[in-house]
Amino acid sequence: MEQAPFALTRRRFNAAGLAITLAGLTSASLAGERSSGESSEEPKTSVTILLFPGVTLLDAIGPYEMLHRVPSFEVKFVAEQVGPIVADSGLVAVDVKASIADVDRTDVLLIPGGGTGVREASENTNLMRWIREMDRQSTYTTSVCTGSLILARAGFLSGRKATTHFALKEMLNGLGAEYVAERWVQSGKYWTAAGVSAGLDMSLALIADSEGQERAMITQLAVEYDPQPPFRSGSEETAAPDILEAYRQRR
């Protein structure tokens, strides 16, 4: 009997059926892999660094260089308004892409310091309202240098040990905190770093606390953070009296 032009023999049918079955299994497997991959993906830890006019840039950029290298962290800069934020030197501006209105929660809040910008920020009711709202949900609320004065004025450091730039220790005490001369101080979820460069040390300690020491050490190696300053004048305790006096005079 003449076969229909498109009729399948048993052998051809079986081969076609096997191909269809395999294709179906492959598609199902791929879909399962995608589904499994999507469901197993851990949400990232959100890290928000606030910038304001007159910020000391290393206070923010130092921690940024550490924190953004952690795969499970998602770091962003925010300001009251999007656009360029000029640092306290007047020489550099950071073009901030997100405003505080764009961020309704964060796991890690970092407040850098600065000169007169710190006072202006702490007197900005809109900014302080946002900081308090972020703190209600944060796992870590942190500061670098005089950023701790902002945290203190927000009411977070009352009765807590904290640190800041040594030149402002009495001001920090006057705001209800207890100044400690350490590179960084942890009091509950509040982490404060001393002057400027101490933000690097605090960030590594925070990474270790959140993600483990190995991840912190990998990050330290990645940026080759192995400080070997040529002088021992990096703190109030180690600087010679004449250097301390010269510093006070220049201020």
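K.L.:
Could you give an account of the pairing of strand β1 (residues 45–50), with specific residues and numbers?
P.N.:
Within β1, six of the six residues are buried, which leaves it mostly tucked inside the rest of the structure. Residue alternation in β1 divides its side chains into two sets, Thr45, Val47 and Ile49 and Ser46, Thr48 and Leu50, and both sets are buried. Of the strand pairs in this sheet, β1 and strand β2 (residues 73–79) are connected by six bridges, and their pairing is parallel. For Ile49, the partnering residue across the bridge sits in β2 and is Phe77. Chirality of the crossover, the property in question, places the unit of β1, helix α2 (residues 57–67) and β2 among those that are right-handed. Both β1 and strand β6 (residues 108–111) contribute to a ladder of three bridges, which runs parallel. Residue Ile49 lies in a different strand from β6, and its bridge partner there is Leu110.

K.L.:
How would you explain the confidence of the model for the protein if you had to name every residue and give the values?
P.N.:
Summary statistics for the protein give a mean pLDDT of 88 and a share of 84% for residues scoring 70 or more. Ignoring residues within four places in sequence, the model shows residues 1–39, a span with pLDDT below 50, making three contacts including any to other chains.

K.L.:
Lay out the layout of surface pockets with the relevant residues and their values.
P.N.:
The probe, sized like a water molecule, is rolled over the atoms to show the empty space still left. Counted as a void, the largest pocket has a volume near 690 Å³. In this structure, the largest pocket is lined by 27 residues; those nearest its centre are Arg183, Ser233, Gly234, Ser235 and Glu236. Its residues placed into classes, the lining of the largest pocket shows 13 nonpolar, nine polar and five charged.

K.L.:
Tell me about the sheet that holds strand β10 (residues 184–187), and name the residues and values.
P.N.:
Spatially, the seven strands line up as an open sheet ordered β5-β2-β1-β6-β7-β11-β10, and their pairing is mixed. Lying at the two open borders of the sheet, with one neighbouring strand each, are β5 (98–99) and β10. One ladder, built from four bridges, connects β6 with strand β7 (residues 140–144); its direction is parallel. If you follow Leu109 over to β7, its bridge partner there is Thr141. Most of the contacts of α2 go to β2, to which it runs at about 160 degrees, and overall it touches β1, β2, β6 and β7.

K.L.:
Account for the packing of α2 against helix α7 (residues 198–211), with residues named and values stated.
P.N.:
In the contact formed by α2 and α7, the axes pass within 8 Å of each other and the chain directions differ by 30 degrees. When the interaxial angle is binned, α2 and α7 end up roughly parallel. Judged by the sense of rotation from one axis to the other, the crossing of α2 with α7 is right-handed. Every residue of α7 that contacts α2 at Gly62, Pro63, Met66 and Leu67 is listed here: Gly199, Leu200, Ser203, Leu204 and Ile207. Per-class residue counts for the contact of α2 with α7 are six nonpolar, three polar and no charged.

Conventions used here
Residues numbered from 1 in each chain as written. Predicted model: local features only at pLDDT ≥ 70, side-chain atom pairs only at ≥ 80, totals over all residues. Heavy atoms only, no water. Buried < 20%, exposed > 50% of the residue type's maximum accessible area, 1.4 Å probe, protein only. Helix = DSSP H or I, 4+ residues; strand = E, 2+ residues; numbered from the N terminus. Pairing = 2+ DSSP bridges. Right-handed = clockwise from strand over helix to strand, strands pointing away. pLDDT = per-residue confidence, 0-100. Contact = heavy atoms within 4.5 Å. 1 Å grid on protein atoms, 1.4 Å probe; cavity = no way out; pocket = protein on both sides within 12 Å on 5 of 7 lines; lining within 4 Å. Points joined across faces, edges and corners; volume = space filled by probe spheres on them. Nonpolar A, V, L, I, M, F, W, Y, C, P; charged D, E, K, R; others polar. Axes fitted to C-alpha atoms, helices over the stretch in contact; angles between N-to-C directions. Parallel < 35°, antiparallel > 145°, perpendicular 65-115°, else oblique. Left-handed = near helix turned anticlockwise from the far one by under 90°.

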